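Chain by chain, the residues:
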Amino acid sequence: MDFIDTRVGHILDGDNRFFGRSVFDDWSRSLVSQLDAMLAALGVREITPINRESLRLISLGLMSPDARIWPLKLTRLIASYGDPAAGYFGGQLVSTGKIMGPGTMVGAAKGLAWIAEQVGEDPSDAVVAEALAAWRARSGGRMAGFGVPFRAHDERRVAVLQMAKATPIERRRHWRLHEQVVLAMVGHEPNCVVTFAGMLLDVGVAPELCGLALSVAMGHVFLAHAVEASTVDGERAHAIPVEQVEYRGVGRRSTEAQKKLG
């Protein structure tokens, strides 16, 4: 067997190790909720109250469980065959591309992290705007985390901004930087992704892992639909009822007509 180089941990006689810390003597006292273990798995070494609160607000902001959203619709379709696990895991795979959700998050986080490197601590709005322009020039003119289809504002971002108001989250570096980027993106409405990117960077998640962090933080939405659909949807999800279909194509031809046409 090949040698496995890992810092995650291993099983001991009478205990386990997770990132160098005893599961039963250390983590059992310090782990407040599953969020702590999730943060550790994402590479966050400081499991602090402010980091927990940041992830809690992100999870709340991502709680938009409308079944008409197509990744959730796919979750329900897969689970409708009776296996909620298949629906839960299978449905989430479709959201890892670059044009939505977790995939977009990576671009936003990389952009904010790059701008932060260029501008240093406490930059002016003008300096941030200049760095933003340089990033957009490197990225085909885009800055991920902007654009709100079908409505004036992203209600998820609006709610999280309100919940974070007057808390230590607002004073963190990437949160403040994301606000300056939003200010500089005149004419482009921000969505929740750019805000969550700033929050995750402040928590200590690497830019390239921020998309995965987003997926994990919204897992409860997929789980709920997978569980429900596996027991409720069934065969009705496998075909559209005839009475709900309006056909506007060429009329059906008779068998004799088809024979004449060869």
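In this text the structure is predicted, and so the values were computed from the model without any measurement.

Calculation criteria
- Residues numbered from 1 in each chain as written.
- Predicted model: local features only at pLDDT ≥ 70, side-chain atom pairs only at ≥ 80, totals over all residues.
- Heavy atoms only, no water.
- Pairing = 2+ DSSP bridges.
- Helix = DSSP H or I, 4+ residues; strand = E, 2+ residues; numbered from the N terminus.
- Patch = residues over 30% accessible without salt bridge, like charges linked within 9 Å, V, L, I, M, F, W, Y side chains within 5 Å.
- Areas by Shrake-Rupley, 256 points an atom, 1.4 Å probe, with all protein chains shown as cover.
- Salt bridge = Lys/Arg side-chain N within 4 Å of Asp/Glu carboxyl O.
- Core = buried A, V, L, I, M, F, W, Y, C linked by side-chain atoms within 4.5 Å.
- Buried < 20%, exposed > 50% of the residue type's maximum accessible area, 1.4 Å probe, protein only.
- Contact = heavy atoms within 4.5 Å.
- Phe/Tyr/Trp six-rings, centres within 6.5 Å; stacked < 30°, edge-to-face > 60°.
- Lys NZ or Arg CZ within 6 Å of the ring centre and 35° of its normal.

A. Inspection of the sheet that holds strand S3 (residues 21-22) at higher detail. If you walk across this open sheet you meet the 3 strands as S1-S2-S3, and the pairing is antiparallel. Taken across any chain shown, the strands that pair with only one partner, and hence form the sheet edges, are strand S1 (9-12) and S3. Looking at chain direction, S1 and strand S2 (residues 15-18) are connected through 4 bridges and run antiparallel. In the strand pairing of S2, histidine 10 is matched with arginine 17.

B. Broad picture of a nonpolar patch on the surface. Taken together, the side chains of Leu60, Met63 and Met163 define a hydrophobic patch exposed on the protein surface, amounting to about 250 Å² of accessible area. The topology assignment puts leucine 60 in helix H3 (residues 49-61).

C. Main features of the nonpolar core. The biggest cluster of nonpolar side chains holds 51 residues, and the ones touching the most others in it are Ile115, Val181 and Phe196. In this structure phenylalanine 196 touches Ile58, Gly61, Leu62, Met105, Val160 and Leu214, once residues within four positions along its chain are discounted.

D. The packing of aromatic side chains, seen in detail. Scanning the model with the defined rule gives 4 aromatic pairs in all. Ring centres 4.8 Å apart and planes at 70° place the aromatic pair phenylalanine 18 and phenylalanine 19 in the edge-to-face group. Classification of phenylalanine 18 as partly exposed rests on a relative accessible area of 21%. If you follow arginine 21 out to its NZ or CZ, it ends over the ring of tryptophan 27, 3.9 Å from the centre. Sitting over the face of the ring of phenylalanine 19, arginine 45 holds its NZ or CZ atom 4.5 Å from the ring centroid.

E. Examining the pattern of salt bridges more closely. Overall, the coordinates contain 14 salt bridges when judged by the stated rule. Between arginine 76 and aspartate 233 there is a salt bridge, with its nearest N and O atoms 2.9 Å apart. Residue arginine 76 is located in helix H4 (residues 70-79), and its partner aspartate 233 is located in the loop between helix H12 (219-232) and helix H13 (255-260); the two are separated by 157 residues in the primary sequence. In this pair, the class of arginine 76 matches that of aspartate 233, namely buried. Through salt bridges with shared partners, one network takes in Arg76, Glu228, Asp233 and Arg236.

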